[in-house]
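Observations on chain architecture
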Amino acid sequence: MSDTLVDGSCAAFAGRLAARTSVPGGGGAIAYAGALAAALGSMAGEFTIGKARYARYQDDLERMLGELAEVRERLLVLVDGDAQAFAPLAAAYALPKDDPTRADAIELATKGATKVPLQVMEETCRAIDLLEEMEEKCSAMLVADVGCGAALAEAALEGAGISVYVNTHNLRDREFADDAEGRSERMLQTFSPKAREVSKRVMARVRGRDQIG
């Protein structure tokens, strides 16, 4: 098996994240957070599927579980994708400042590094849609896990947005930068509030402001 960042234990990942190394960093952490958000949605579905009380949602639960598994796997791949995208950027910045190819190398590598957080955002948006649906259709005993997933997903989405902007900030190609920033902003404006509403509704339920069950 290849030595990927997500192959080891949670403790190992956290240790590598805390170390004085460039990867994993914020980008990998937010992709992992998004994967955990999707995983919580899957857990809620797994504990619900097959229960007579929720039989009317059986087909929907099966579909959601399949889609959540896809999202989770793609986000886990992006944990390492973020690290891989950083390598050419680090190499470009390491070029001598008087190297005439340095500026173009940095520009190209920065564009590559921008694509990963945009993909993280797209997958996290899928997770948020699925968590919203899961909140409605899962067992009431699992709704708190859906709320936790929504809170994680919001953090992942916002963090990925930060990663987009830190990359586009110094790009000379403003058409590329504006397109990336526009895509990011649209996702933030639509899906951050959606995730927040899910977690707020769940918080209200578990605090007794709405009946659970």
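Everything in this summary refers to the structure shown in the same document. Predicted model, so just to flag it, every value in this text is computed and none were measured. (Residues numbered from 1 in each chain as written. Predicted model: local features only at pLDDT ≥ 70, side-chain atom pairs only at ≥ 80, totals over all residues. Heavy atoms only, no water.)

So, the packing of aromatic side chains
As a reminder of what qualifies: Only centres within 6.5 Å qualify two rings of Phe, Tyr or Trp (six-membered ring in Trp) as a pair; their planes then separate them into stacked at under 30 degrees, edge-to-face at over 60, and tilted for everything else. Here, a charge over a ring means that NZ of Lys or CZ of Arg falls within 6 Å of the ring centre while also lying within 35 degrees of the ring normal.
Per the stated rule, a full pass over the model turns up 1 aromatic pair. Over the ring of Phe176 we find Lys111; its NZ or CZ atom is 5.3 Å from the centre of that ring.

A look at the side chain of Ser163
Which entries qualify depends on this criterion: Under the DSSP-based scheme used, a helix requires at least four consecutive residues in state H or I and a strand at least two consecutive residues in state E, with every element numbered from the N terminus. Any two residues whose heavy atoms approach within 4.5 Å at even a single point are treated as in contact.
Locating Ser163 in the fold gives a position in helix α5 (residues 143-168). The residues touching Ser163, leaving out its near neighbours within four places in the chain, are Gly27, Ile30 and Pro117.

Some thoughts on the nonpolar core
Generally speaking, a soluble globular protein has its nonpolar side chains buried in company with each other. The line we're drawing: By convention a nonpolar core is built from buried Ala, Val, Leu, Ile, Met, Phe, Trp, Tyr and Cys residues, the set being connected through side-chain atoms within 4.5 Å. Partly exposed describes any residue whose relative accessible area lies between the buried limit of under 20% and the exposed limit of over 50%, with all areas from a 1.4 Å probe on protein chains only and scaled to the type maximum.
Grouped together as the largest cluster of nonpolar side chains are 52 residues, with contacts concentrated most on Val120, Met121, Met134, Val146 and Leu157. No other element matches the 13 residues that helix α4 (residues 102-137) contributes to this core.

Considering unusual backbone geometry
Backbone torsion omega between Val23 and Pro24 reads -5°, so that peptide bond is classified as cis. With respect to the secondary-structure elements, Pro24 resides in the loop between α1 (10-18) and α2 (26-48).

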